[in-house]
Amino acid sequence: MNEKLIECSGLGKRYGAKRALDCVDLSVGRGRIIGLLGPNGSGKTTLIKILCGLLQPTSGKVAIAGEAIGAKSKAIISYLPDRTYFANWMNASDMFDVFEDFYADFDRKKAESMCKSLGIEPKEKLKTMSKGTKEKVQLVLVMSRKAQLYLLDEPIAGVDPAARDFILNTILTNYNQEGTVVISTHLIADIEPVLDEVIFLKEGKIMRHQSVDDIRSEEGKSVDALFREIFRAHPVEGGEF
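Residues numbered from 1 in each chain as written. Predicted model: local features only at pLDDT ≥ 70, side-chain atom pairs only at ≥ 80, totals over all residues. Heavy atoms only, no water.

*Asks:* Got a minute to help me understand the environment of E154 in this structure?
*Replies:* Locating E154 in the fold gives a position in the loop between strand 7 (149-153) and helix 6 (161-174). If we skip the residues at most four places from it in the chain, E154 touches K44, D82, S184, T185 and H186. Polar contacts involving the side chain of E154 include one to the side chain of H186, which spans 3.4 Å. (Helix = DSSP H or I, 4+ residues; strand = E, 2+ residues; numbered from the N terminus. Contact = heavy atoms within 4.5 Å. Polar contact = N/O pair within 3.5 Å; in protein donor to acceptor, adjacent residues only side chain to side chain.)

As C-alpha cells, this is what we get:
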C-alpha cells in the first residue's frame, strides 16, 4: 500500500489568462485530517476537482495512492461537492441504490443507520427537504464509503454553528481511519480542533503545509490566528474557482 495518498508536482491550472493553481507541490500521507484553508478565490475547489478527476491540470503531475488520475483513483476517493447534485424527484433510498451500483465500498446499512441518527426519512423526496437536510443526505452518502481519501468541499458553509458541530462529529466518527480526510473551508475556527495538518492556499499557491501542533508550538498562536495574519494584508476578492 502506497503511504502517500496525494502527490502533486508542479501542478498548475489556468482558465484562459487566469491562473487558478500555480506550481503546486504537495505530499499527503494516510490517517490524517487535513484542512485545505484559504479565502474565496484561492483555488481550493480547483485543486479538489483535479484530485477527483473532474478537471484536467494545465501543467504538472498528480497521483493518488501512486496511481495517475483515472478509474483506479476515482474508486478510492469519496467526494463531497460544494452543492447538491441529485435530482429533486429522488429520495435518499434512490441515492443509496446509485451508490451501491457505482461504489464497491459503499455500506448501505451504515448509510441507513446514519440517516436514522440524523433524523432523515429515507423515502422523503429531496424537493421537500430543507437545504440543511439535503446537505446531510449528501454527507451520509460520502461518509458511508470505506474510501482511502475523502475530499470534502465546504461541508460546513452556510449552516448554523450547532449544525457545524454535528457535521464535523459525523465526519469524525464515520471515516475510514486508514484513509485521510481533506476538508476545504474558510471557517478555520470551527474545524481547527479536529485537524492534524493544514494547507494554506493563496492565489493558487501553497503558502504553508504544516502540522497543527507544530504551528502552535512554533508560532505560539492558533491556526485561525495565523490564517488571519497571513491573509489580512492581501485579501482575495471574487468567487472560488
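Right, picking up where we left off after that structure.
*Asks:* Explain empty space enclosed by the protein here, please?
*Replies:* Summed over all chains, the structure comprises one cavity of 30 Å³ or more. Taken as a whole, the largest cavity spans an internal volume of roughly 40 Å³. Lining the largest cavity, in full, are I6, L26, V28, L36, L47, L51, V182 and I199. Of all elements in the fold, only strand 2 (18-29) and helix 1 (44-52) reach the threshold of two or more residues within the lining of the largest cavity. (1 Å grid on protein atoms, 1.4 Å probe; cavity = no way out; pocket = protein on both sides within 12 Å on 5 of 7 lines; lining within 4 Å. Points joined across faces, edges and corners; volume = space filled by probe spheres on them.)

*Asks:* Any chance you could explain the sheet that holds strand 1 (residues 4-15) here in plain terms?
*Replies:* Adjacent strands of a sheet form backbone hydrogen bonds with each other and so pair up, either parallel or antiparallel. With respect to topology, four strands assemble into an open sheet ordered 2-1-4-5, the strand pairing being antiparallel. Strands at the two margins of the open sheet, each flanked by one partner only, are strand 2 and strand 5 (67-68). Taken strand by strand, helix 1 contacts strand 1, strand 2 and strand 4 (59-64), and its axis lies near 120° from that of strand 1. (Pairing = 2+ DSSP bridges. Axes fitted to C-alpha atoms, helices over the stretch in contact; angles between N-to-C directions.)

*Asks:* Whenever I open this one, the side chain of S73 confuses me. Can you help?
*Replies:* Structurally, S73 is set in helix 2 (residues 71-75). With sequence-adjacent residues up to four places away left out, S73 is seen in contact with I64 and A68.

*Asks:* Can you walk me through the pattern of salt bridges in this structure?
*Replies:* Two side chains of opposite charge can pair, provided their charged atoms sit close to one another. According to the stated counting rule, one finds 14 salt bridges in the structure shown. In this structure, R208 and E219 form a salt bridge, with 2.6 Å as the shortest nitrogen-oxygen distance. On the criterion of sequence distance, the pair formed by R208 in strand 10 (residues 205-211) and E219 in helix 8 (residues 212-219) is long-range, its members being 11 residues apart. By relative accessible area, E219 is classed as partly exposed at 29%. Among the ionic pairs, E229 bridges to K221, the shortest N-O distance being 2.5 Å. (Salt bridge = Lys/Arg side-chain N within 4 Å of Asp/Glu carboxyl O. Buried < 20%, exposed > 50% of the residue type's maximum accessible area, 1.4 Å probe, protein only.)

*Asks:* Where do I start with the layout of surface pockets in this structure?
*Replies:* The rolling of a water-molecule-sized probe over the atoms marks out the regions of remaining empty space. By volume, the largest pocket is sized at about 460 Å³. Lining the largest pocket are 17 residues; nearest its centre among them are L54, I77, Y79, Y85 and Y103. Broken down by class, the residue content of the lining of the largest pocket amounts to 11 nonpolar, one polar and five charged. Forming the walls of the second largest pocket are 17 residues, and the residues nearest its centre are D82, R83, K131, E135 and E154. Top element by residues in the lining of the second largest pocket is helix 5 (residues 131-143). It accounts for six residues. (Nonpolar A, V, L, I, M, F, W, Y, C, P; charged D, E, K, R; others polar.)

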